[in-house]
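Survey of secondary and tertiary structure
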Amino acid sequence: MQDTELYRQILGLESPWKVARVELDVKQQRVDVYAEHADRKTWPCPECETPCGLHDHEEERTWRHLDSCQFQTHLHARVPRVRCDKHGVRQVRVPWAEPRSRFTLLFERFAIDVLWETDVLGAARILKISWDEAHGILERAVARGLARREHKVPEYVGIDEKAIARGQRYATIVCDLRTGHVLEMAPERTRESLVRCFGRFSLDELATGNQGVAMDMWEPYVSLVRAMLPEADTKITFDRFHIVSHMNDAVDLVRRRENRALRAEGDERLVGTKPMWLYAAENMPDRYATDFASLRRGTLKTARAWAIKEMLRELWDQPTRADGERWYKRWHSWATHSRLEPVKKVAAMIRRHLDGVLAYFTHRITNSASEALNSTIQMIKKRAFGFRNFANFRAAILFRCGGLQLHP
């Protein structure tokens with residue numbers, strides 16, 4: 001088989017395209033393949049597919065292809081341009097690459113698989129391309145996936161904010177609670193951030209398509225959801241994990257205050273015990289079990305705060321809303337009579353948002369999908385050692401967590 005026919009088969013070229021010649025440079029370990037097309041009077045417009053007359057040719061372009069026997073392979077061609085009555089002069093589409101790409105479809109597909117297994121810098125080294133070229137492939141994959149995504153409002157969505165850098169820098173993330181996929185993310189944690197995340201949907205689409213929203217009690221998010229969704233107060237479910245997190249903070253604040261008071265009297269019982277009080281009862285490690293049991297048997301305020309927190313967690317295990325309301329009333333009475341100010345403060349916060357807390361029994365949704373993304377986001381941040389800008393960070397998150405069809 002001639003080398004031209006071999007590379008025509010490798011590249012999958014069909015009429016009117018053919019391989020004119022192949023040049024091998026052993027010293028540079030490089031193969032250059034030159035493609036040409038047969039004479040053809042008309043070509044389809046890339047915008048509307050209307051047959052149009054040949055206008056001229058672009059200057060020769062080069063695309064990187066998959067290596068041939070460890071030799072870098074580059075495809076060269078002069079691409080025709082047509083003059084369309086509707087769209088003017090346009091460059092025709094070539095069958096081996098997407099518009100404005102410097103890589104063949106097969107190379108991009110392989111590069112996406114490599115990017116999935118490592119970070120951009122690692123992929124660039126493996127593929128022997130620049131960081132910017134590797135990141136460009138990632139960005140095109142994300143854009144391709146977003147264009148293919150079905151335009152449908154998810155039935156249940158989760159709204160959360162993530163710390164993305166030092167200095168109180170946050171991002172707003174919206175995900176589909178059924179699939180666990182990130183729908184969109186935007187910088188900061190403001191009303192405007194949330195508008196950007198939902199921007200691809202109209203208010204009518206959101207009103208008819210969405211059945212429930214899991215979120216924390218961050219006021220900018222709450223006020224915007226109420227403005228966007230009809231009967232929003234029946235759809236908002238305040239996330240149990242965020243609520244319990246507030247209680248964990250209250251327990252820790254009680255511990256710190258009590259520890260200072262005890263140490264002033266020479267009592268070191270609470271020194272070094274912070275990790276113990278952050279665990280749920282069923283998750284307590286064996287190494288803490290004996291010491292923790294001893295602390296709980298005493299009269300420590302911290303032990304009482306921890307017990308109140310544990311009782312609150314059982315609220316979401318109740319079978320019905322009526323059972324949940326009864327459980328809440330008992331818990332609220334204990335919390336407000338505990339004489340523990342941090343605990344009373346959380347109890348007051350829950351009372352102000354009680355409808356959204358008890359909405360769990362209607363929708364049975366939590367932001368667990370958003371919380372599960374934390375480890376992936378942390379891994380992405382760690383691999384990249386930071387990002388040049390938010391757009392790069394967004395692309396990396398959607399690439400990994402968007403559930404997108406990435407391949408060309």
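Within every chain, residues take consecutive numbers counted from 1 along the sequence as written. Confidence filtering applies because this is a predicted model: local features only for residues at pLDDT of at least 70, side-chain atom pairs given and counted only at 80 or more, and all residues used for totals across whole chains, interfaces and linings. Calculated side-chain values reflect all of the structure's heavy atoms, with hydrogen atoms and water omitted.

Bringing helix H4 (residues 131–148) into the picture now. In an α-helix, one turn spans 3.6 residues; hence positions three or four apart end up facing the same way. Secondary structure is summarised from DSSP: a helix means a run of H or I of at least four residues, a strand means a run of E of at least two, and numbering begins at the N terminus for each. Expected helix span is given by 1.5 Å per residue-to-residue step, counting one fewer step than there are residues. For H4, built from 18 residues, the straight-helix expectation of 26 Å at 1.5 Å per residue is met to within 8% by its first-to-last C-alpha distance of 26 Å. Every buried residue of H4 is accounted for by Ala 134, His 135, Gly 136, Ile 137, Leu 138, Ala 141, Val 142, Arg 144 and Gly 145. Note on definitions: a residue-residue contact is assigned when non-hydrogen atoms from the two residues lie within 4.5 Å. On its buried face, H4 sits against helix H2 (105–117), helix H3 (120–127) and helix H17 (390–401). Burial classes follow relative accessibility: with a 1.4 Å probe on protein chains only, a residue under 20% of its type's maximum area counts as buried, one over 50% as exposed, and anything between as partly exposed.

On to the state of the cysteines, then. Working definition: a disulfide is two cysteine sulfur atoms within 2.5 Å of each other. Enumeration over the complete set of coordinates arrives at zero disulfides. Cys 48 takes part in no disulfide bond, and the closest cysteine sulfur to it belongs to Cys 45, at a distance of 3.7 Å. For Cys 175, which is in no disulfide, the shortest distance to another cysteine sulfur is to Cys 401 and amounts to 9.9 Å. By relative accessible area, which is 0% here, Cys 175 ends up buried.

In this scheme, strands are said to pair when DSSP sees at least two bridges between them. The sheet built from four strands is open, its strands ordered S3-S4-S7-S8 with antiparallel pairing. The sheet terminates laterally at strand S3 (42–44) and strand S8 (88–91), the two strands that pair on one side only. Put simply, the sheet's adjacent strands are angled 50° from each other on average, direction ignored. Sheet analysis places strand S4 (residues 51–57) next to strand S7 (residues 80–84), joined by three bridges and oriented antiparallel. Counted as the bridge partner of Asp 56 is Arg 81 from S7. Fitting a line to C-alpha atoms yields each axis, with helices limited to the stretch in contact; the angle taken between N-to-C directions then spans 0 to 180 degrees.

Moving on: the side chain of Thr 366. In this structure, Thr 366 sits in the loop between helix H15 (360–363) and helix H16 (368–384). Non-local contacts of Thr 366, meaning those with residues more than four positions away in its chain, are made with Leu 177, Ala 214, Asp 239, Arg 240, Phe 241 and Tyr 360.

Moving on, we get to the packing of H3 against H4. Direction vectors running N to C along H3 and H4 enclose 110°, while the axes themselves pass 8 Å from each other. Between H3 and H4, the crossing angle belongs to the class labelled roughly perpendicular. Note on packing geometry: the crossing formed by H3 with H4 is right-handed. Counted together, Val 120, Leu 121 and Ala 124 of H3 and Trp 131, Ala 134, His 135 and Leu 138 of H4 form the full contact between these two elements. For the contact of H3 with H4, the residue count by class is six nonpolar, one polar and no charged. Angles are sorted into four bins: roughly parallel if under 35 degrees, roughly antiparallel if over 145, roughly perpendicular if 65 to 115, and oblique for all others. Handedness of a crossing follows from how the near helix is turned relative to the far one, being left-handed for an anticlockwise turn of less than a right angle and right-handed for a clockwise one. Gly counts as polar in this scheme, as do all residues outside two lists: the nonpolar Ala, Val, Leu, Ile, Met, Phe, Trp, Tyr, Cys and Pro, and the charged Asp, Glu, Lys and Arg.

With that out of the way, let us pick up unusual backbone geometry. It is generally the case that most residues other than glycine have a negative phi and that most peptide bonds are trans. The linkage connecting Ser 15 with the following residue, Pro 16, adopts the cis geometry, with an omega of 10°. Within the fold, Pro 16 resides in the loop between helix H1 (3–11) and strand S1 (17–25). A positive phi angle, near 70°, is found at Glu 49, a position not held by glycine. Looking at where Glu 49 falls in the secondary structure, it is placed in the loop between S3 and S4. The exposure class of Glu 49 is exposed, given its relative accessible area of 52%. The phi angle at Glu 188 is positive, at roughly 70°, despite the residue not being glycine. Relative to the assigned elements, Glu 188 resides in the loop between strand S11 (182–187) and helix H5 (191–197). You can call Glu 188 partly exposed: its relative accessible area is 43%.

Moving on, we get to the confidence of the model for the chain. The pLDDT score gives, residue by residue, the confidence of the prediction method on a 0 to 100 scale. The pLDDT averaged across the chain works out to 91; a share of 98% of its residues lies at or above 70. Looking over the chain, one finds the lowest element-wise mean pLDDT in H16, namely 75, and the highest in helix H13 (residues 341–352), namely 97.

Tracing the backbone through its elements, the reader meets Val 244 in helix H8 (residues 240–264). Using a relative accessible area of 13% as the deciding quantity, one classes Val 244 as buried. Put simply, Val 244 and Arg 313 are 69 residues apart on the chain and 6.9 Å apart in space, counted from C-alpha to C-alpha. Once residues lying within four places of it in the same chain are set aside, the contact partners of Val 244 are Lys 309, Arg 313 and Trp 316.

Here three bridges tie S3 to S4, and the two strands are oriented antiparallel to one another. Note on S4: the bridge partner recorded for Pro 44 is Pro 51. Taken together, S3 and the strand that follows it, S4, pair antiparallel across an intervening segment of six residues, in which Glu 49 is found at a positive phi of about 70°.

Mapped onto the elements, Thr 237 comes out in strand S13 (residues 236–238). For Thr 237, a relative accessible area of 1% puts it in the buried group. Thr 237 has contacts with Val 213, Ala 214, Met 215, Gly 356, Ala 359, Tyr 360, His 363 and Ile 365, leaving out every residue within four places of it along the chain.

Our next topic: H2. The end-to-end C-alpha separation of H2 is 19 Å, in line with the 18 Å expected for 13 residues at 1.5 Å each. Considered for burial, the residues of H2 that qualify are Phe 107, Glu 108, Ala 111, Ile 112, Val 114 and Leu 115. Summarising the axial view, the buried residues of H2 lie within an arc of 165°, below the 170-degree limit, and thus occupy one face. In the core, the buried residues of H2 are packed alongside strand S5 (61–68), H3, H4 and H17. It is the directions from the helix axis to the C-beta atoms whose arc is reported.

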